[in-house]
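Here are the chains, one letter per residue:
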Amino acid sequence: MKVGIVSYGAYVPRYRITPEEIGKVWGVDGKAMSKALMINCKSVPSPDEDTITISVEAARNMMRRCDVSPGDIGALYVGSESHPYAVKPTGTIVAEAIEAAPNLTVADYEFACKAGTAAIQTCMGLVGSGMIKYGVAIGADTSQGAPGDALEFSASAGGAAFLIGSEKIIATIDKTCSYTTDTPDFWRREGEMYPRHGGRFTGEPAYFKHIMSAAKQMMTCMNTTAKDYTYAVFHQPNGKFPSRVAKQLGFADPQVLPGLLAPTIGNTYSGSVPLGLSAILDESKPGDRIFAVAYGSGAGSDAFDITVTDEMAHYQRGKAPTVKELNSNLKFLDYATYAKFRGKILLGGE
Amino acid sequence: MTMRRVAIIGVGATEFGELWDSSFRDIGITAGLAAVADANITADQIDALYVGNMSAGRFIEQEHIGALIADYAGLARDHVAATRVEAAGASGGLALRQGFLAVASGLHDIVVVGGAEKMLDVSDVESSIIQSAALDQEWETVLGATFPALHALIARRHMHEYGTTREQLADVAVKNHKHGSLNPKAQFRREITRETVMGSPMVSSPLRMFDCAPSSDGAAAVVLCPLESAKKFTEIPIEIIGSGQASDTLSLHHRKDICTMEATRMAAKRAFAMANMTHKDVDIAEVHDNFTISEILAIEDLGFFRKGEGGKATEAGLTGLGGEIAVNTSGGLKARGDPIGATGLAQAVEIVTQLRGKAEKRQVKDANVGLAHNVGGTGATALVHLFRRG
Amino acid sequence: MATAPRFWRENPSRYNLVGFKCNSCGKTYFPPRAICPVCHRKSVGKIEVVKLRGTGKIFSLTEVHEGLEELTLQKPYVLAMVEMDEGPKITGQVIDCDACDLQIGTPVRATMRKLSEEGSSGVIHYGYKFAPVRERPEKAE
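Residues numbered from 1 in each chain as written. Chains lettered and ligands numbered in written order. Predicted model: local features only at pLDDT ≥ 70, side-chain atom pairs only at ≥ 80, totals over all residues. Heavy atoms only, no water.

## Focus: the overall build of chain B
Check the secondary structure of chain B and you find 15 helices and 12 strands. A globule of 390 residues ought to have a C-alpha radius of gyration of about 21 Å, and chain B, at 19 Å, matches this closely. Each principal axis of the C-alpha distribution contributes one length, and for chain B these read about 55 × 45 × 40 Å. Among the 390 residues that make up chain B, the fraction classed as buried is 65%. Across chain B, every contact between residues at least 6 apart in sequence was considered, and the portion connecting residues at least 24 apart equals 77%. When the accessible surface of chain B is summed, it comes to about 14000 Å², and 48% of that surface belongs to carbon and sulfur atoms. If the 38 positive side-chain charges of chain B are averaged to one point and the 47 negative ones to another, these points end up 5 Å apart. (Helix = DSSP H or I, 4+ residues; strand = E, 2+ residues; numbered from the N terminus. Rg over C-alpha atoms; globule rule 2.2 N^0.38 Å. Buried < 20%, exposed > 50% of the residue type's maximum accessible area, 1.4 Å probe, protein only. Contact = heavy atoms within 4.5 Å. Areas by Shrake-Rupley, 256 points an atom, 1.4 Å probe, with all protein chains shown as cover. Lys, Arg positive; Asp, Glu negative; His and termini not counted. Charge placed at Lys NZ, Arg CZ, Asp CG, Glu CD.)

Shown next, in the form of structure tokens:
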């Protein structure tokens, strides 16, 4: 049976901070950093937001756009590297918040930035095998970079949710394939607040190797080249990496720019490809074909070949904000407020 | 209603303020002894004791307050009946009513009613949390509401519906500080200006620090006895001619109209009915001004001014000494202080003092009938008592 | 500070604005109760659980400067009384805005945010806060 996206929803907090503002505090040329990373600003969550609230908002936006009864949702997975609890799943709270509880299975996923797409693959399997009618896959994060570290210029917050099913599909997922190895390019130990990374090691042997491998595997399997796709979206830890990998695969700017969000949102980690895909779906039309490849450190890549269906013409996209709308009405912060919001300032006595 | 008539034959109070050297027991006993001495009675004549207190359990980790005060007042040996009464900010007024009912019913003859609160032994943060227990925990506090914030919502709406101004709110505090400067037992005894109020730190817009009554330590007490035997103890018995109590929804958002405290209106209606009087008969009133906006609502809801006119009336000086109706000559909660459980009794002490003609610099001329108005929470409980020179 | 079971019990209302409709008088109320405050015992058996849509208008508001300790990072924060479309009024914070952008009458919509947590190792409590309803731009940038 055909399996695909029945509905989707996105959420990005409204606060932003620029690399210049961050650079000022750490004696770094923020403007140069901004250019090097191709990031103009990144999103910052409010102190009362976290991966759970972002997932809820994205999932509720997803439900607003379709008529599916939440009771028909058989599974819900949230992929993140900033789940608020180490033990107690984000997914149960999201399930209650969209009234999908209690007759469903839930689990939280972690695989650095590709936990959300791993959730999509799982839902595809559960739906495709007939085990469930609908599954929800969410990728969301409120990741942190250590103060003064290069990652602080890009680590941001946001997420998107996908309702996977086999009826009234707005975009079929015709194929998914993955490339996974043990590659320690970026990690965070249990109990540590900030991740660590291998500097240049995160490039060629990690990001590029896995994305290219998964992408080539997909194109071989589907017998396609870049020209066969209307859009392409890749994991975007900054604006530079996805632009480079897109060029290497033969994609042109008009295919890549609609899903390239890092310049205005930063790196939303598990939300990266999900949000990029949402931005593409916000403007896509029936017949459009989408090439999506996520990357998660540690390391792995999930590739997807997606085709927008005629059902998209009837889709109630207007019932929830588009990514462009979420990227408007912004409030820019100074570093002090940003540090306060992100809990980087030690508060007195507890 | 065949009830006995009840009189106040003695009053007493501590200073209100930061009483670091005094414990809860100390202040309770000090006020009680003063009232008992003023009434010229002895311990063995006391039939019952009522104590108004909001939250000793959290302020000083002590419950069972009735027994505590009875014991330290030396009344435990006589096994006096002792009762603690709680209704948040209206604990004192409600305790007064319980004492009144005990004597009026004929069950007891001489009853001491006191109120005490020791608020400053905990931090400001903790104190604020404790006081917010008067609100709806599940649907107000948990969602971010504080006691001042809810009153700020009332103020904002009152300004929106009736054009009440920021200056008029300030005038309530200015007037009450003026009165407080004439009251040797008041917590704050310096006069202030509109600028003092409007330049003070913001608490919850539009209410600033000087729009809010302070936290205080303090206690006050009265002695009640049947009117028919009052003259045995005092030259000028003051009769409690009316007592009214009413409740309303706990949370502010469930009220019919957040700019009106229906509980105040009902309690007043009931008290006036019992006394066979109207607001026109009242010469002096102690009202519950825990916030400046609260006094504006009170003088409207008690009937002294039409709804919406409270701000204008205050601005025009109609509620000052020498005005149409002297409101909060003690300094009110704002300047006299607000040890929560004691306030309702402190109001009664002020009215009695005024009706006896003993208020010195703040005396209201020919004061014959007085009113005390005590509120719990944002208006979920209200007590109104009427007093007349006997 | 709310304890875990006491908070958990109200989750349906805090997450999804579950209230009730009295089918005796037809009015909608929030939060849920055992009986209708108007119809009293006549409402027994006639109480219908309903979920509010989440949209309403600001009835009154204030900018809280001295507020709850758990909201220290967001001081000052906006607290409002919101009149929901179905009738009941609800007290809650208003977020994603500056106080100066809000007035009595501003339309708002409920969202889910963190309300508090029982310390850094305790349970996190979630519930409704309100955000101004933004006009959707015709031509998004």
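## Structural notes on the nonpolar core
Ile5(A), Ile73(A), Phe162(A), Leu163(A), Ile164(A) and Leu281(A) are the most contacted members of the largest nonpolar core, which has 74 residues in total. Considering each element in turn, this core owes the most residues, 7 residues, to helix α3 (residues 51-64) of chain A. Once residues lying within four places of it in the same chain are set aside, the contact partners of Ile5(A) are Phe162(A), Leu163(A), Ile164(A), Ile169(A), Ile170(A), Ala171(A), Ile173(A), Leu277(A) and Leu281(A). Val11(B), Ala102(B), Ala346(B) and Ala372(B) belong to the second largest nonpolar core, which has 40 residues in total. (Core = buried A, V, L, I, M, F, W, Y, C linked by side-chain atoms within 4.5 Å.)

## Let's talk about the pairing of strand β8 (residues 171-183) of chain A
Residue and element names in this part refer to chain A. The pairing of strand β1 (residues 4-11) with β8 spans 2 bridges and is classified as antiparallel. Paired with Ile5 across the bridge in β8 is Ala171. Judged from the 10 bridges that link them, β8 and strand β13 (residues 298-308) form a sheet pairing that is antiparallel. Within β13, the position partnered with Lys175 by the bridge is Asp305. (Pairing = 2+ DSSP bridges.)

## Details of the sheet that holds strand β8 (residues 238-247) of chain B
Overall, mixed pairing links the 10 strands, which are arranged β3-β2-β4-β7-β1-β8-β12-β11-β9-β10 (chain B) in an open sheet. The open sheet has two edge strands with one neighbour each: β3 (81-85) and β10 (326-327) of chain B.

## Describing the side chain of Lys89(C)
Here Lys89(C) lies in strand β6 (residues 89-94). Of the side chains bearing the opposite charge, Glu83(C) lies closest to the buried Lys89(C), which forms no salt bridge; the N-O distance is 4.4 Å. With residues up to four places along the chain from it excluded, the contact list for Lys89(C) reads His253(B), Phe59(C), Met81(C), Val82(C) and Glu83(C). (Salt bridge = Lys/Arg side-chain N within 4 Å of Asp/Glu carboxyl O.)

## Brief notes about the interface of chain B and chain C
Contacts between the two partners involve 26 residues from chain B, matched on the other side by 35 residues from chain C. Approximately 2700 Å² of surface area, both sides summed, lies buried where chain B meets chain C, with 59% of it carried by carbon and sulfur atoms. On the chain B side of the interface with chain C, the three residues burying the most area are Trp139(B), Leu143(B) and Leu153(B), jointly 26% of the side's total. Run the count over chain B and chain C and you get 2 salt bridges. As a salt-bridge pair, Glu138(B) and Arg14(C) come within 2.8 Å of each other at their nearest N and O atoms. (Buried area = accessible area lost by both parts, 1.4 Å probe.)

## Some details on the packing of helix α1 (residues 24-39) of chain B against helix α3 (residues 65-72) of chain B
All names here are of chain B. Relative orientation of the contacting elements α1 and α3 amounts to 65°, with a least axis distance of 10 Å. Here the hand of the crossing between α1 and α3 comes out right-handed. Along the contact surface, α1 presents Phe24, Arg25, Gly28 and Ile29, while α3 presents Ile65, Leu68, Ile69 and Tyr72. Considering only residue class, the contact of α1 with α3 consists of 6 nonpolar, 1 polar and 1 charged. (Axes fitted to C-alpha atoms, helices over the stretch in contact; angles between N-to-C directions. Left-handed = near helix turned anticlockwise from the far one by under 90°. Nonpolar A, V, L, I, M, F, W, Y, C, P; charged D, E, K, R; others polar.)

## Quick look at the sheet that holds strand β2 (residues 15-17) of chain A
All names here are of chain A. Taking strand neighbours across the sheet as the criterion, the 3 strands line up as β3-β2-β14 in an open arrangement whose pairing is mixed. If you trace the sheet from one side to the other, it starts and ends with β3 (42-44) and β14 (331-332), each paired once. Pairing analysis gives 2 bridges linking β2 to β14, with the strands arranged parallel. Residue pairing for β14: Arg16 is matched across the bridge by Phe332.

## Details of the interface of chain A and chain C
When the parts of a complex come together, some accessible area is lost, and that lost area is often taken as the interface size. Taken together, the contact pairs 31 residues of chain A with 27 residues of chain C. When chain A packs against chain C, close to 2500 Å² is buried across both sides, 47% of that on carbon and sulfur atoms. The largest per-residue losses of area from chain A upon contact with chain C belong to Arg14(A), Asp48(A) and Tyr85(A), which jointly make up 21% of the total buried on that side. Counting across the interface, chain A meets chain C through 5 salt bridges. Here Arg113(C) makes a salt bridge to Glu49(A), at a shortest N to O gap of 3.3 Å. Across the chain A-chain C interface, the total number found is 14 residue pairs in polar contact (both at pLDDT 80 or more). For the side of chain A that touches chain C, the secondary structure elements donating two or more residues are α3, α4 (90-97), α11 (323-326) and α12 (335-341) of chain A. (Polar contact = N/O pair within 3.5 Å; in protein donor to acceptor, adjacent residues only side chain to side chain.)

## Remarks on the state of the cysteines
Applying the stated criterion across every chain, the model contains 0 disulfides over all chains. The thiol of Cys177(A) is not disulfide-bonded; the next cysteine sulfur, from Cys221(A), is found 6.3 Å away. Cys212(B) supplies the cysteine sulfur nearest to Cys259(B), a cysteine that is in no disulfide, at a spacing of 17 Å. (Disulfide = S-S within 2.5 Å.)

## Quick word on the packing of aromatic side chains
By convention here, two paired aromatic rings are described through the distance between centres and the angle between planes. Residues and elements named next belong to chain A. Scanning all chains against the criterion turns up 20 aromatic pairs over all chains. An angle of 80° between the planes, with centres 5.3 Å apart, marks the rings of Tyr15 and Phe341 as edge-to-face. Taken together, the residues span a long stretch of sequence, with Tyr15 in strand β2 and Phe341 in helix α12 at a distance of 326 residues. Look at Tyr15 and you get buried, because its relative accessible area is 11%. Three or more aromatic residues joined by ring pairs form one cluster here, namely Tyr207, Phe208, Phe241 and Tyr295. (Phe/Tyr/Trp six-rings, centres within 6.5 Å; stacked < 30°, edge-to-face > 60°.)

## Some details on the pattern of salt bridges
Throughout the structure, instances matching the rule amount to 35 salt bridges over all chains. One salt bridge in this structure joins Lys24(A) and Glu21(A), with 3.0 Å as the shortest N-O distance. Here Glu21(A) and Lys24(A) lie together in helix α1 (residues 19-26), a separation of 3 residues that amounts to about one turn. With relative accessibility at 61%, the residue Lys24(A) sits in the exposed group. Here Glu21(A) falls in the buried class, since its relative accessible area comes to 17%. The salt bridge partner of Glu239(B) is Arg388(B), with a shortest N-O separation of 3.6 Å. Placement of the pair is Glu239(B) in strand β8 and Arg388(B) in strand β12 (residues 381-389), with a sequence separation of 149 residues.

## Here we look at the domain arrangement of chain B
Residue and element names in this part refer to chain B. Along its sequence, chain B is organised into domain 1 (6-123 + 216-238) and domain 2 (135-213 + 241-389). A C-alpha centroid distance of 23 Å is found between domain 1 and domain 2. Between domain 1 and domain 2, the contact holds 43 residues from the first and 34 residues from the second. Roughly 2900 Å² of surface becomes buried between domain 1 and domain 2 when both sides are summed, with 68% attributable to carbon and sulfur atoms. Our count for the contact surface shared by domain 1 and domain 2 stands at 12 residue pairs in polar contact (both at pLDDT 80 or more). Residue assignment for the side of domain 1 that touches domain 2 shows that the elements contributing at least two residues are β1 (6-13), α4 (91-104), β4 (111-118) and β7 (217-226). Looking at the side of domain 1 that touches domain 2, the element that brings in the most residues is α4, giving 7 residues. In terms of residue class, the side of domain 1 that touches domain 2 is made up of 23 nonpolar, 15 polar and 5 charged. (Domains from an automatic or database assignment.)

## A few points about the confidence of the model for chain C
The predicted model of chain C has a mean per-residue pLDDT of 92, with 94% of residues at 70 or higher. Two numbers describe this predicted complex: its pTM, 0.95, and its ipTM, 0.94. (pLDDT = per-residue confidence, 0-100.)

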